[in-house]
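Observations on the three-dimensional arrangement
Below, each chain spelled out in residue letters.
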Amino acid sequence: MSDDDYLWNRTGRPDPEVERLEQVLGTLRSARPPVPPPALADERPRARRGLLPWALGLGSRRRRPAESCSVGAGPGRSAQVPPRGTGRAGCSRR
Amino acid sequence: MLVVKSGAAAEEDPVGTTAIEDDAALVAAARAGDRDALGQLYERHGPMVHGLVLARAPHAETDDLVQEVFVQAMRKLGSLRDPAAFGPWLAAIARNRVADWHRSRVPVAPEDQAGATPSVAGAAVDAQVILGFIHELPLAYRETLILRLVEGMTGPEIAARTGLTAESVRVNLHRGMKKLRERLGGSEGEAP
């Protein structure tokens, strides 16, 4: 059944309804750029305290409901979080 | 630094066995303190975790819960017995984290799609309304539909990443989509 094949692995005849749903629901993907959690090596010497600044960063994001609730609000959010490899939001290193 | 290629390699391996082997290599590197390996694990599995969380929690909470899942996973990485099973192991952490979140929160009315306009006709389709319909489906259908329609994963990818059998994923996608079509059709009929 071609419709099922499209739903399964995007082969066969495209199903217009599935395509429409992909397009609409795709806006719910995470707009947050990948920011890896602190590496284990960095956390070990500091035990729990090592995570605190990062956790506080999470807390501050929670206090901005308009931002966290927005759908596909990439630009506004991206400005708050540095791109991967350039540092982490609210995470101090030593 | 360990770099694991995706894209073309993934296309040649739709079932994802190469991805599983790559995961094992990335986990080993991450355990040794390779930050890039951690980043690659995050990038590869972020959509799966996001989808599993979104199947169980309100959209507004999802990003924060995803971050918490990864923090928990990185802390426990040393206890993962089979590095090749990183995906299913991470999926279990995600499911448990959302269950904990539900237990700890003060009960409130569901997020509420109940008050949302049921019309999904034409171009005025609202992602949040459709998500509300998906949230009304049984959990197994919810998970696979969200991973497929929101995160853009194919059935074979869903099976490989979550550890579910391909057959289960296929059945859940088929039945879930059938129920969602019924729901969408019914709502379009209800439109003013």
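Just so you know, the residues in each chain are numbered from 1, in the order the chain's sequence is written. Each chain is given a letter, starting from A, and each ligand a number, starting from 1, according to the order in which they appear as written. For this predicted model, a pLDDT threshold of at least 70 governs which residues receive local features, and a threshold of 80 or more governs which side-chain atom pairs are given and counted, while totals over whole chains, interfaces and linings are taken from all residues. For side-chain calculations, the full set of non-hydrogen atoms in the structure is used, while hydrogens and water are omitted.

1. Some points on the overall build of chain A
Rules: By the criteria applied, helices consist of DSSP H or I runs no shorter than four residues and strands consist of E runs no shorter than two, each listed in order from the N terminus. Under the scheme applied here, a residue whose accessible area is under 20% of the maximum for its type counts as buried, over 50% as exposed, and between as partly exposed, the area being computed with a 1.4 Å probe on protein chains only. Contacts: residue pairs with any heavy atoms within 4.5 Å of one another. Per-residue accessibility takes into account occlusion by the displayed protein chains alone, with areas from the Shrake-Rupley method and a 1.4 Å probe.
Across its full length, chain A carries 6 helices and 0 strands. Ordered by position from N to C terminus, the α and β elements of chain A give α-α-α-α-α-α. For chain A, buried positions account for 38% of its 94 residues. The long-range fraction of contacts in chain A, counting pairs at least 24 apart against all pairs at least 6 apart in sequence, stands at 52%. Carbon together with sulfur atoms contributes 55% to the accessible area of chain A, which is approximately 5,400 Å² in total.

2. Quick notes on the overall build of chain B
Assigned secondary structure in chain B consists of 9 helices and 0 strands. Listing the helices and strands of chain B from first to last along the sequence gives α-α-α-α-α-α-α-α-α. Within chain B, the proportion of its 192 residues that are buried is 49%. Restricting the contact set of chain B to residue pairs at least 6 apart, pairs at least 24 apart contribute 66%. Of the roughly 8,500 Å² of accessible surface on chain B, a fraction of 55% belongs to carbon and sulfur atoms.

3. Some details on helix H7 (residues 139-150) of chain B
Residues and elements named next belong to chain B. What counts, and what does not: Multiplying 1.5 Å by the helix residue count minus one yields the expected span of that helix.
Under the 1.5 Å per step criterion, the end-to-end length of H7 is 15 Å for 12 residues, consistent within 8% with the ideal 16 Å. For H7, the tally of buried residues reaches 10 of 12 residues, placing the bulk of the element in the interior. One or two residues past the end of H7 sits glycine 152, with phi positive at roughly 75°.

4. What about the pattern of salt bridges?
What counts is decided by this rule: Here, a salt bridge means any Lys or Arg side-chain nitrogen found within 4 Å of an Asp or Glu carboxyl oxygen.
Taken as a whole, this structure holds 12 salt bridges over all chains when the rule is applied. Across the pair A:Glu17 and B:Arg181 runs a salt bridge whose closest N-O atoms are separated by 3.0 Å. Pair noted here: A:Glu17 is in helix H2 (residues 16-25) and B:Arg181 is in helix H9 (residues 166-190), and the two residues belong to different chains. Across the pair B:Asp100 and B:Arg103 runs a salt bridge, and its minimum N-O distance is 2.5 Å. Here B:Asp100 and its partner B:Arg103 are both found in helix H5 (residues 86-104), 3 residues apart, which amounts to about one turn of the helix.

5. Details of the packing of aromatic side chains
We apply this condition: In this scheme Phe, Tyr and Trp rings, the latter by its six-membered ring, pair at centre separations within 6.5 Å, and the angle between planes marks the pair as stacked below 30 degrees, edge-to-face above 60, and tilted otherwise. Only when the NZ of Lys or the CZ of Arg is both within 6 Å of the ring centre and within 35 degrees of the ring normal is a charge said to sit over the ring.
Counted according to the given criterion, the structure contains 2 aromatic pairs over all chains. Centre to centre, the rings of B:Tyr42 and B:Phe70 are 4.3 Å apart; their planes meet at 45°, and the pair counts as tilted. Of this pair, B:Tyr42 sits in helix H3 (residues 35-54) while B:Phe70 is found in helix H4 (residues 59-76), placing the two residues 28 residues apart along the sequence. We note that B:Tyr42, like B:Phe70, is buried. For the ring pair B:Phe86 and B:Trp89, a centre distance of 5.7 Å and an interplane angle of 40° mean the geometry is tilted. Taken together, the residues B:Phe86 and B:Trp89, both in helix H5 and 3 residues apart, mark about one turn of the helix. This pair shows no difference in class: B:Phe86 is buried, exactly as B:Trp89 is. The cationic tip of B:Arg148 hangs over the ring face of A:Tyr6; the distance from NZ or CZ to the ring centre is 5.7 Å.

6. Brief notes about unusual backbone geometry
A negative phi holds for most residues other than glycine; trans holds for most peptide bonds. Positive phi, close to 60°, is recorded for A:Arg10, a residue that is not glycine. Along the chain, A:Arg10 falls in the loop between helix H1 (2-9) and H2.

7. Comments concerning H5(B)
In a regular helix each residue adds 1.5 Å, so 19 residues correspond to 27 Å; H5(B) covers 27 Å between its end C-alpha atoms and thus fits that length. Buried within H5(B) are the following residues: B:Phe86, B:Gly87, B:Trp89, B:Leu90, B:Ala91, B:Ile93, B:Ala94, B:Arg97, B:Val98 and B:Trp101.

8. Considering the nonpolar core
Our working definition: In this text, buried Ala, Val, Leu, Ile, Met, Phe, Trp, Tyr and Cys residues form a nonpolar core when linked through side-chain atoms within 4.5 Å.
Of all hydrophobic cores here, the largest spans 60 residues; its most connected members are A:Leu25, B:Val49 and B:Leu180. By residue number, the principal contributor to this core is H3(B), which donates 9 residues. Once residues lying within four places of it in the same chain are set aside, the contact partners of A:Leu25 are B:Ala127, B:Ile130, B:Leu131, B:Ile134, B:Leu149 and B:Val150.

9. Brief notes about the packing of H2(A) against helix H6 (residues 127-135) of chain B
Where we set the bar: A fitted line through C-alpha atoms represents every axis, and for helices the fit uses only the stretch in contact; the resulting angles, taken between N-to-C directions, go from 0 to 180 degrees. Oblique is the label for any angle not covered by the other classes, which are roughly parallel (under 35 degrees), roughly antiparallel (over 145) and roughly perpendicular (65 to 115). Note on convention: near helix rotated counterclockwise from far helix by under a right angle means a left-handed crossing. Clockwise means right-handed. For this scheme, ten residues count as nonpolar: Ala, Val, Leu, Ile, Met, Phe, Trp, Tyr, Cys and Pro. Four count as charged, namely Asp, Glu, Lys and Arg, and the remainder, Gly too, count as polar.
Interaxial distance between H2(A) and H6(B) falls to 9 Å at its minimum, and their mutual angle equals 115°. Comparing the axis directions of H2(A) and H6(B) gives the class roughly perpendicular. Considering the relative orientation of H2(A) and H6(B), their crossing is left-handed. Between H2(A) and H6(B), the residues in contact are A:Leu21, A:Val24 and A:Leu25 and B:Ala127, B:Ile130, B:Leu131 and B:Ile134, respectively. In terms of residue class, the contact of H2(A) with H6(B) is built from 7 nonpolar, no polar and no charged.

10. Focus: the confidence of the model for chain A
Residue and element names in this part refer to chain A. Note the cut-off: One confidence number per residue, pLDDT, is output by the predictor and ranges from 0 to 100.
Across chain A, pLDDT averages 58, with 31% of residues at or above 70. Per-element confidence in chain A ranges from a low mean pLDDT of 38 for helix H6 (residues 74-78) to a high of 94 for H2. Residue range residues 43-94 is modelled with pLDDT below 50. Its contacts to residues more than four positions away, or to other chains, number 73 contacts.

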